[in-house]
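Working through the structure, step by step
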Amino acid sequence: MTTYLMTGCAGFIGSNMVLYMLKKYTDIRIVNLDALTYAGNMENLKEAADDDRHIFVHGNICDRPLVSRLLAEYDPDVVINFAAESHVDRSIADPMIFVNTNVCGTVNLLQCCKEAWYDPEQRSWKKGRKYLQVSTDEVYGALGAEGFFTEKSPTDPHSPYSSSKASADHFVKAFHDTYGMPVNITRCSNNYGRFQFVEKLIPLMIFNAKNHRPLPVYGDGMQIRDWLYVEDHCKAIDMVASGGRSGEIYNIGGHNERTNIFIVKTVIDQLSRRLGDPEINEGLIRHVEDRPGHDRRYGIDPGKIKADLGWYPETTFEVGIVKTIDWYLGNPEWTEHVTSGAYQQYYAEMYGNRKEI
Ligand code: NAD
Ligand code: DAU
């Protein structure tokens with residue numbers, strides 16, 4: 001049996017990962033450590049509620065005694081760190097929590113794993129253990145019109161979020177280079193799919209358009225993101241966890257670059273057709289003040305993970321976006337729950353004073 005300690009798995013990607021792994025493997029145990037911040041949602045894990053292979057622990061990755069206890073009690077083969085503050089706009093408003101969770105939390109996990117797995121007398125690591133850091137293409141900064149990020153591209157982050165993720169990546173590398181810790185880092189492009197919180201581009205546009213609310217497009221909307229269906233990301237992380245060479249970074253992306261305005265117009269088109277609602281149209285689009293430090297283009301070269309591990313994306317954007325829209329339309333109560341209360345205040349603060357351009 002393989003035991004995983006996975007952190008942040010009440011969030012978007014982590015919850016998809018738990019369900020993906022429970023479906024794919026029988027002989028598995030997943031300890032899921034999540035602080036249940038605004039982005040953590042136990043409703044995402046409803047399908048796993050009666051599955052005793054999934055053990056949920058409510059707690060913080062910065063909590064050293066707790067993490068040490070979990071490592072001692074469950075002796076996981078693999079630790080996968082999804083837990084993070086993940087939203088660029090929030091990082092611009094309040095960077096400190098990003099340092100605490102993304103940097104200090106990661107270092108705490110590394111330190112606890114080292115204490116659990118390293119024998120200083122023998123100078124050896126417990127066999128078969130691995131720490132996997134789920135990172136992002138944003139650590140590479142922005143591309144011009146040409147070229148792609150490879151694993152050798154320098155880190156050049158621009159937002160407090162991407163700076164905190166790059167910093168965490170450097171600590172992971174340091175634990176490998178200094179202590180010989182078995183690690184991998186994955187750097188994925190923009191994910192989309194079910195359970196994504198309604199402050200990120202695609203679910204926000206679905207939610208607003210469905211309710212005939214304005215669709216806030218930052219600047220000219222010509223920024224480019226490289227979109228990957230979330231299950232393809234889960235598949236890649238599983239492959240790196242089991243087959244990735246220690247110390248290596250793997251970029252994950254499916255060559256699926258789209259401008260933001262294309263994404264918004266696609267959501268409008270699909271939603272209006274699915275709901276037969278002519279009021280969902282491009283008249284809802286509002287170009288608003290740009291995100292400060294906004295990266296113009298991301299584009300991943302996934303050549304290494306394809307060549308080394310045989311990974312490839314299975315879901316095209318055309319199929320993935322329809323599945324995603326259908327999931328949000330089919331689960332209105334999920335959206336209702338996450339958009340009540342604190343979300344309203346978030347939305348007013350983030351968009352209330354944003355001037356139209
Ligand atoms: P998310 O914001 O949806 O979920 C984050 C989860 O982490 C939540 O469940 C939250 O409760 C938990 N969490 C936050 N702080 C914590 C703490 N201190 N201790 C324990 N748990 C804590 O994020 P996501 O979009 O699912 O992203 C998951 C990971 O993947 C992040 O590390 C992110 O940087 C990375 N990533 C995301 C994308 C993307 O497009 N969403 C792309 C590439 C990489
Ligand atoms: O590239 C991977 C990253 O993708 C992850 O590391 C992050 O955790 C994840 O949040 C995502 O970051 P982005 O900043 O790219 O995602 P977001 O959905 O916030 O924005 C996508 C693009 O859409 C970006 O160019 C900003 C723009 N945008 C976003 C919002 C919320 C708008 O134009 N209007 C909006 O209201």
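Residues numbered from 1 in each chain as written. Chains lettered and ligands numbered in written order. Predicted model: local features only at pLDDT ≥ 70, side-chain atom pairs only at ≥ 80, totals over all residues. Heavy atoms only, no water.

1. Focus: helix H4 (residues 96–117)
The end-to-end C-alpha distance of H4 is 30 Å, a good match for the 32 Å that 22 residues give at a rise of 1.5 Å each. The sharpest bend along H4 measures roughly 30 degrees and falls at Cys104. (Helix = DSSP H or I, 4+ residues; strand = E, 2+ residues; numbered from the N terminus. Expected span 1.5 Å × (residues − 1). Bend = angle between axes of the 7 residues up to and from the residue.)

2. Comments concerning the nonpolar core
Residues Met6, Ile80 and Phe82 are the most contacted members of the largest nonpolar core, which totals 70 residues. When residues of this core are assigned to their parent elements, the largest contribution, 8 residues, is made by helix H1 (residues 12–24). Contacts of Ile80, omitting those with residues within four sequence positions, involve Tyr4, Leu5, Met6, Thr7, Met17, Leu132, Val134, Ile237 and Ala241. Listed in part, the 32 residues of the second largest apolar core include Leu33, Ile61, Val67 and Phe175. (Core = buried A, V, L, I, M, F, W, Y, C linked by side-chain atoms within 4.5 Å. Buried < 20%, exposed > 50% of the residue type's maximum accessible area, 1.4 Å probe, protein only. Contact = heavy atoms within 4.5 Å.)

3. Points about the sheet that holds strand E1 (residues 2–7)
Taken together, the 7 strands give an open sheet; going across it, the order is E3-E2-E1-E4-E7-E8-E13, and neighbouring strands pair in parallel fashion. Looking at the sheet topology across the chains shown, the edges are occupied by strand E3 (54–58) and strand E13 (248–252). Across the sheet, the mean angle separating the axes of adjacent strands is 20 degrees when strand polarity is ignored. Across 4 bridges, the pairing between strand E4 (residues 78–81) and strand E7 (residues 130–136) is parallel. Counterpart to Val78 in the pairing with E7 is Lys130. Against the sheet, H4 contacts E1, E4 and E7, and its axis sits at roughly 165 degrees relative to E7. (Pairing = 2+ DSSP bridges. Axes fitted to C-alpha atoms, helices over the stretch in contact; angles between N-to-C directions.)

4. Comments concerning the site of ligand 1
Every one of the 28 residues lining ligand 1 counts as a neighbour, but Ile13, Asp34, Ser86, Tyr161 and Lys165 are closest to it. Contact between ligand 1 and Ile13: an oxygen atom at 2.8 Å from a main-chain N or O atom of the residue. With respect to ligand 1, the backbone of Ile61 contributes an N or O atom lying 3.0 Å from a nitrogen atom. Listing elements by their share of the shell around ligand 1, those giving two or more residues are H1, E7 and helix H5 (160–179). (Near = heavy atom within 4 Å. Polar contact = N/O pair within 3.5 Å; in protein donor to acceptor, adjacent residues only side chain to side chain.)

5. With respect to the pattern of salt bridges
With the rule as written, the count across this model stands at 22 salt bridges. Asp308 serves as the salt-bridge partner of Arg245, at 2.6 Å between the closest nitrogen and oxygen. Here Arg245 is found in the loop between helix H7 (230–243) and E13, whereas its partner Asp308 is found in helix H9 (residues 303–309), with 63 residues between them in sequence. The exposure class of Arg245 is partly exposed, given its relative accessible area of 46%. Look at Asp308 and you get partly exposed, because its relative accessible area is 36%. One salt bridge in this structure joins Arg273 and Asp269, with 2.9 Å as the shortest N-O distance. Taken together, the positions of Arg273 and Asp269, both in helix H8 (residues 260–275) and 4 residues apart, correspond to about one turn of that helix. (Salt bridge = Lys/Arg side-chain N within 4 Å of Asp/Glu carboxyl O.)

6. Section: the layout of surface pockets
Taken as a whole, the second largest pocket holds about 270 Å³ of empty space. Lining the second largest pocket are 15 residues, with Asp89, Arg90, Ala93, Tyr346 and Met350 positioned closest to its centre. Residues of the lining of the second largest pocket, tallied by class, amount to 8 nonpolar, 1 polar and 6 charged. (1 Å grid on protein atoms, 1.4 Å probe; cavity = no way out; pocket = protein on both sides within 12 Å on 5 of 7 lines; lining within 4 Å. Points joined across faces, edges and corners; volume = space filled by probe spheres on them. Nonpolar A, V, L, I, M, F, W, Y, C, P; charged D, E, K, R; others polar.)

7. Examining H1
Taking 1.5 Å of rise per residue, 13 residues should cover 18 Å, and H1 covers 19 Å from first to last C-alpha, within 8% of that figure. In terms of residue burial, H1 counts as a mostly covered element, since 11 of its 13 residues are buried. When H1 is considered as a whole, its buried residues turn out to be Phe12, Ile13, Gly14, Ser15, Asn16, Met17, Val18, Leu19, Tyr20, Met21 and Leu22. Those residues of H1 that are buried lie in contact with E1, strand E2 (28–34), E3, E4, strand E9 (191–192) and H7.

8. As for empty space enclosed by the protein
In this approach the atoms are scanned with a rolling probe the size of a water molecule, which exposes any empty space left behind. Within the structure shown, the criterion is met by 1 cavity of 30 Å³ or more. Approximately 60 Å³ is the volume attributed to the largest cavity. Val88, Glu138, His158, Ser159, Arg225, Arg291, Pro292, Gly293, His294, Asp295 and Tyr298 together form the lining of the largest cavity. Residues that form the lining of the largest cavity fall into these classes: 3 nonpolar, 4 polar and 4 charged.

9. Side note on the packing of aromatic side chains
Aromatic rings in a pair are described by how distant their centres are and how their planes are angled relative to each other. Counted by the stated rule, this structure contains 20 aromatic pairs. Geometrically, the ring pair formed by Tyr328 and Trp334 is edge-to-face, given 5.8 Å between the ring centres and 80 degrees between the ring planes. Assessed through its relative accessible area of 4%, Tyr328 is described here as buried. With a centroid separation of 4.5 Å and an interplanar angle of 25 degrees, the aromatic rings of Tyr347 and Tyr351 are classed as stacked. Placement of the pair is Tyr347 and Tyr351 together in helix H12 (residues 342–351), with a separation of 4 residues, close to one helical turn. (Phe/Tyr/Trp six-rings, centres within 6.5 Å; stacked < 30°, edge-to-face > 60°.)

10. Re the state of the cysteines
Applying the stated rule across the entire model yields 0 disulfides. Cysteine Cys104 is unpaired, with the sulfur of Cys62 as its nearest cysteine sulfur at 6.3 Å. (Disulfide = S-S within 2.5 Å.)

11. Looking at the site of ligand 2
The full set close to ligand 2 counts 23 residues, and Asp137, Tyr161, Arg291, His294 and Tyr351 are the nearest of them. Here an oxygen atom of ligand 2 and a side-chain polar atom of Asn260 are 2.8 Å apart. In the environment of ligand 2, an oxygen atom lies 2.7 Å from a nitrogen or oxygen atom belonging to the side chain of His294. Protein contact buries 95% of the 690 Å² of open area that ligand 2 shows by itself. Examining the composition of the shell around ligand 2, we find that 3 residues originate from one element, strand E10 (residues 215–218), more than from any other. (Areas by Shrake-Rupley, 256 points an atom, 1.4 Å probe, with all protein chains shown as cover.)

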